[in-house]
Amino acid sequence: MAEVNQQPDGYLYGLNALLFDGKPLGLIDEEGLDWGGDEPATVKIWSAQKRAAPVKEIPSSPGTNEIAFDLIQLKPDNLVQVAGGTVSKNGKKWNAPSRVITLEGPVQIQSADGAVTDVAKASLIAYPRGKFDYQEVMKMHCVLTFLTPDDEETAPYSVDLAPDEEETEAIG
C-alpha cells in the first residue's frame, strides 16, 4: 500500500476538517467544499489611434472568494455555530434565530493531503435546504465569503502544504 502524504506535492484534495472561529463545524456532505465567487473584472482601454487591440487593461473589481458547502450533521451545537439561535438546556433542541444572521470569524480548512488553508476573516451565512426522504438528509446550506482582514497587512488567505514544518526564509 502506498504511503499518503510523504512529501507535499501541491495537490490539494479531500476534507479532514473545517473550522470556523476555531471550532470544527461537524460533518459536511460528500460534495465537500465548493470554492467559487465572482471573477475579477477589468476594463479595457481603447485608443482612437490603435484599434487592433486595447492599449491597457485596468482592474475594475477584484472579484470575491466564496466557499459553499452543506452541513449534514445537524446537532444543535453545530446549528448554533453556523446559524445562531439557542440550544435547549438538555442540548437536544435547537431554536432558530428570528432572522437570518451573518457570523464572522477566521476559517481553517484541513485537507486530506495534509495541507492547511487559513482564511483570516470570513462571513458565514447558513439556511436550511434538503428533503425529508430516504435519498438524502436535511442540511444547512452554508456560504463563507472572504472578507478584508482587520489588519490589511495580513494575507486574506494562505495555503500551507507542510503545516508541521517550521517556516524558513520567505521567498519573493
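Further up the page is the structure itself.
Keep in mind it's a predicted model, so treat the numbers as computed, not measured.

Description of unusual backbone geometry
Item 1. Within the chain, aspartate 21 stands out as a residue other than glycine whose phi angle is a positive 55°.
Item 2. Positionally, aspartate 21 belongs in the loop between strand S1 (17–20) and strand S2 (23–24).

Things to note about helix H1 (residues 76–83)
One turn of an α-helix holds 3.6 residues; hence residues three or four places apart share an orientation.
Item 1. Summarising burial for H1: 6 of the 8 residues are buried, a large majority.
Item 2. Within two residues after H1, glycine 84 carries a phi angle of roughly 80°, on the positive side.

So, a nonpolar patch on the surface
Item 1. A cluster of nonpolar side chains, contributed by Leu12, Trp35, Tyr157, Val159 and Leu161, occupies part of the molecular surface with about 420 Å² of accessible area.
Item 2. When its relative accessible area of 43% is taken as the criterion, leucine 12 is described as partly exposed.

Remarks on the nonpolar core
Item 1. In this structure, Phe69, Val82, Val107, Cys142 and Leu144 are the most contacted members of the largest nonpolar core, which totals 20 residues.
Item 2. Of all elements in the fold, only S1, strand S6 (66–71), H1, strand S9 (102–110), strand S10 (116–129) and strand S11 (139–146) reach the threshold of two or more residues within this core.
Item 3. Apart from residues no more than four positions distant in its own chain, leucine 144 is found in contact with Phe20, Asn65, Glu66, Ile67, Phe69, Val107, Ala122, Ser123 and Leu124.

Procedures and definitions
Residues numbered from 1 in each chain as written. Predicted model: local features only at pLDDT ≥ 70, side-chain atom pairs only at ≥ 80, totals over all residues. Heavy atoms only, no water. Helix = DSSP H or I, 4+ residues; strand = E, 2+ residues; numbered from the N terminus. Buried < 20%, exposed > 50% of the residue type's maximum accessible area, 1.4 Å probe, protein only. Patch = residues over 30% accessible without salt bridge, like charges linked within 9 Å, V, L, I, M, F, W, Y side chains within 5 Å. Areas by Shrake-Rupley, 256 points an atom, 1.4 Å probe, with all protein chains shown as cover. Salt bridge = Lys/Arg side-chain N within 4 Å of Asp/Glu carboxyl O. Core = buried A, V, L, I, M, F, W, Y, C linked by side-chain atoms within 4.5 Å. Contact = heavy atoms within 4.5 Å.

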